[in-house]
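As a plain string of letters, each chain reads:
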Amino acid sequence: MIKKTPEMIAGRREEIIGACEKLYQEMSFKEITLKEIGNIVPFSRPTIYNYFQTKEEIFLALFEREYDSWNEELTSILNGHDKLERKELADLMAKSLAKREQLLKLLAMNNYDMEAASRPEMLVSFKKAYGRSIAITGQLLDKFCPEMSADQRQNVIYVFFPFMFGIYPYTSVTEKQKTAMDDAGIGFTYHTVYELTYNCLTSLLGNA
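Along each chain, residues carry numbers from 1 onward, in the same order as the chain's sequence is written. Where local features are concerned, this predicted model is filtered to residues with pLDDT of at least 70; where side-chain atom pairs are given and counted, the filter is 80 or more; whole-chain, interface and lining totals use all residues. Hydrogen atoms and water are omitted, and side-chain values are computed over all heavy atoms in the structure.

Draft legend 1. Geometry of the nonpolar core. Residues grouped as a nonpolar core are buried Ala, Val, Leu, Ile, Met, Phe, Trp, Tyr and Cys residues, joined through side-chain atoms within 4.5 Å. The rule is simple: take the accessible area with a 1.4 Å probe, protein chains only, and divide by the maximum for that residue type; under 20% is buried, over 50% is exposed, in between is partly exposed. Counting 59 residues, the largest nonpolar core has L89 and F160 as the members making the most contacts within it. Sequence-distant contacts of L89, defined by excluding residues within four places in its chain, comprise I77, L84, L140, L141, F144, C145 and L205. Throughout, a contact is declared for two residues whenever any of their heavy atoms are within 4.5 Å.

Draft legend 2. Up close: helix α12 (residues 193-207). A run of H or I in DSSP becomes a helix once it reaches four residues, and a run of E becomes a strand once it reaches two; helices and strands are each numbered from the N terminus. For a helix, the expected span equals 1.5 Å multiplied by the number of residues minus one. Between the first and last C-alpha of α12 there are 21 Å, a value that for 15 residues agrees with the 21 Å anticipated at 1.5 Å per step. By the burial criterion, the buried members of α12 are V193, L196, T197, C200, L201, L204 and L205. For α12, the angular spread of buried residues about the axis comes to 145°, placing them on one side. Counted as exposed and oriented over 90 degrees from the buried face of α12: G206 and N207. Contacts from the buried residues of α12 go to α5 (86-98), α6 (101-107), α8 (120-144), α9 (150-164) and α10 (167-171). The directions considered for the arc run from the helix axis to the C-beta atoms.

Draft legend 3. Spotlight on the packing of aromatic side chains. A pair of aromatic rings is counted whenever rings of Phe, Tyr or Trp (Trp by its six-membered ring) have centres within 6.5 Å, and the orientation is called stacked for planes under 30 degrees apart, edge-to-face for over 60 and tilted otherwise. This structure, assessed with the given rule, holds 11 aromatic pairs. Relative to F59, the ring of F29 has its centre 4.7 Å away and its plane inclined at 70°; by these criteria the two rings are edge-to-face. Of this pair, F29 sits in the loop between α1 (6-24) and α2 (34-38) while F59 sits in helix α4 (residues 55-80), and the two are 30 residues apart along the sequence. As far as the burial class goes, F29 and F59 line up, both buried. Centroid distance F63 to F126: 4.8 Å. Interplanar angle 40°. Geometry classified as tilted. You can see F63 sitting in helix α4 and its partner F126 sitting in helix α8, a full 63 residues away along the chain. Within the aromatic cluster, the residues linked to one another by ring pairs are F63, Y67, W70, F126, Y130, F160, F161 and F163. As a reminder, the over-ring test applies to NZ of lysine and CZ of arginine, requiring each to be within 6 Å of the ring centre and within 35 degrees of the ring normal. Note that K105 overlies the ring of Y24, its terminal NZ or CZ placed 4.0 Å from the centroid. It is K178 that lies over the ring of Y190; its NZ or CZ is 5.5 Å from the centre.

Draft legend 4. Here's a closer look at α5. Helix length check: α5, at 13 residues, gives a terminal C-alpha distance of 18 Å against a target of 18 Å (1.5 Å per residue), a fit within 8%. Along α5, the residues that are buried comprise R86, L89, A90, D91, M93, A94, S96 and L97. In this fold, the buried residues of α5 make contact with α4, α6, α8, α9, α10 and α12.

What follows is the structure in structure tokens.
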């Protein structure tokens, strides 16, 4: 029997997460099954259980990966500038989120079910990635908005992170939804991820 190296284990884990991501671009969460994921990866479906016990754990790992990618970009903003005006900070953060459609789509899901069907160690790993996003955002505010009080910076975080849960539904609207809005007589203005995020951040930072 070939002994699996840490690199092999990490590689297979990423293949499983990648297969889930690929399916999620074309199918809904409910439609995706372990069988569907198993049809894409280059190894047997039972092998998946060596890494993930449920579909929800795979999605949680994808979620974690998306937070990690965003954290890298937030860190590059933090380390790549000596000084930023508040509008410049809002602009860069909005641009970083505009690239993270997958993260925003996952945020719009029912996270309670995903977390409930995942083992504690998987949930802790995910929460660490989420916590890093909050911590780096706090560091951005500390560095580029030093005149804000600690309470003001904390209030920005308390408002902005819950706000992120609603970005995807407001910016990724289907034709069926648009027709329903028109038929209901609702004058709805559609915005991009960047526009919503920038407007939210400039409002939060300007009022702090």
